[in-house]
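Coordinate inspection notes
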Amino acid sequence: MSSPDLTRRRFMTRAGLLGCSVAASPLMTPISFAAAPWDTRLVVIILRGGMDGLDAVQPYGDPAWGNLRRKLAGGPENGSLDLDGFYALHPALAPLKPMWDSGQLGFVHAVSTPYRDKRSHFDGQDVLEAGTTDLSAGARDGWLNRMLQDMPGVTGETAYAIGRGEMYLMKGKAPVAEWTPGSDLTLSPQAQKLMELVMEEDPAMHAAFAEAEALTGESAVQQMMQGVRSKQKQVKGKVKGHVRIAKFAAKKLRQEARVAAFSLNGWDTHQHQLRAFEPALGRLSDVLLTLKQDLTGPIWNKTAVIAMTEFGRTARENGTAGTDHGTGGLMVFAGGAIKGGKVLGTWPGLDTSDLYEGRDLMPTRDVRAHAAWMMRGLTGLDRAKLEAAIFPGLDMGRDPGLLL
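Residues numbered from 1 in each chain as written. Predicted model: local features only at pLDDT ≥ 70, side-chain atom pairs only at ≥ 80, totals over all residues. Heavy atoms only, no water.

Evaluation of the coordinates by the stated rule reveals six aromatic pairs. Relative to Y87, the ring of F86 lies with its centre 4.8 Å away and its plane at 80°, an arrangement referred to as edge-to-face. Measuring from ring centre to ring centre gives 6.0 Å for W100 and F107, while their planes differ by 25°; the resulting arrangement is stacked. Given a relative accessible area of 7%, W100 falls into the buried group. Taken together, the aromatic side chains of F86, Y87 and W347 make up a single cluster linked through ring pairs. In this structure, R116 packs its charged tip against the face of Y356, placed 5.9 Å from the ring centre. (Phe/Tyr/Trp six-rings, centres within 6.5 Å; stacked < 30°, edge-to-face > 60°. Buried < 20%, exposed > 50% of the residue type's maximum accessible area, 1.4 Å probe, protein only. Lys NZ or Arg CZ within 6 Å of the ring centre and 35° of its normal.)

Laid out in structure tokens, this is it:
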């Protein structure tokens, strides 16, 4: 994608010190909803920043695992929860183990979008949310919106969006209204874009942001803005922001909404991953458990949740006990309507010769195929429509069996 003619120096001069990447920032957490006449529910969570799927669901049974992750290598001997004798669940996801045991949680390893090589958060997220590599002006809408365009009964009164800024996933011709939680922390679109441009090419700032988030549970931008407002009265209430988002989503899904989409951030773990990754996984765990709790009963039983990230991370840990931008990653699926209790995907192996460009987990299936099969099972959309219009150019392949 082309970038506006903006230099780092001009940005710093005009905008001052804004020290984090908006592409991975919790400040920018849009939520989208769509109401429709069908009765199933679909929740899509975008994990912004590039989640390390190898750490979330650890392939401790692969012989090369320990050599690649000398400091980060997990497994049952290091407190992780064994899933099937080959994979283990990160300890921070332990609260989700009962969902796994009951078949309401599963994972797909070694998946990715068609995006390759440059490993930019912004390009990767655009491809993930557009559902296509064609990001020309005429194709800049999101795959969830394209799905809504093909479903009956979706009107301006039955679809709406919630969150700060625009969520590409829901952009398009289907009408979506908007609501923004915590509007006192909102940045202007111009400031958001400036931050994106300057931080994208600065791994040190990415790393500083990730560490700040891990230590405080807030983004660097939030810290900055709260510092500016230090003499103002603090916002009342103790419910964490990500839990509030999940509870609001559940409330709407209990009513007319049928589709919800929002973001969870803080996955850019360039350094000190042992410290930075746990809070992010904790937020994901909280969100899934909140959805299950608040959608309990018949609604949960017809709900499917998928969590997707723009790319995975390097198979080898780096010199600062973190991981860098990679390729193959992990998809999470959950809900009362899914067939969980398993890790899907063709495992490519972790030997150097098996890695993508000798550094990343090799993708063995397009993550869009799993999303497409989920949508087909929930809505009955035609396969040809999914492959040609919802995800242009996609070959869905065989049904992975995500749903009951």
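Moving on to the pattern of salt bridges. Taken as a whole and judged by the stated rule, the model has 15 salt bridges. Linking K302 and D39 is a salt bridge whose minimum nitrogen-to-oxygen distance equals 2.5 Å. Taken together, the residues span a long stretch of sequence, with K302 in the loop between α12 (298–301) and β10 (303–309) and D39 in the loop between β1 (31–35) and β2 (41–47) at a distance of 263 residues. Its salt-bridge partner being D360, residue R119 comes within 2.7 Å of it at the nearest N-O pair. Here D360 lies in the loop between β12 (343–344) and β13 (365–366) and R119 lies in the loop between β6 (105–112) and α5 (121–130), a separation of 241 residues in the sequence. For the pair R119 and D360, one class covers both residues: buried. (Salt bridge = Lys/Arg side-chain N within 4 Å of Asp/Glu carboxyl O. Helix = DSSP H or I, 4+ residues; strand = E, 2+ residues; numbered from the N terminus.)

A separate point is the pairing of β2. With respect to burial, β2 is a largely interior element, seven of its seven residues being buried. With burial as the criterion, each face of β2 is covered, one bearing R41, V43, I45 and L47 and the other bearing L42, V44 and I46.

So, about empty space enclosed by the protein. Inspection of the entire model under this criterion finds three cavities of 30 Å³ or more. Approximately 70 Å³ is the volume attributed to the largest cavity. Lining the largest cavity, in full, are V111, S112, T113, M308, T309, E310, F311, G312, T327, G329, L330 and V367. Of all the secondary-structure elements, those providing two or more residues to the lining of the largest cavity are β6, β10 and β11 (329–334). For the second largest cavity, the calculated volume is near 40 Å³. At the level of secondary structure, the elements contributing two or more residues to the lining of the second largest cavity comprise β2, β9 (257–264) and α13 (367–379). (1 Å grid on protein atoms, 1.4 Å probe; cavity = no way out; pocket = protein on both sides within 12 Å on 5 of 7 lines; lining within 4 Å. Points joined across faces, edges and corners; volume = space filled by probe spheres on them.)

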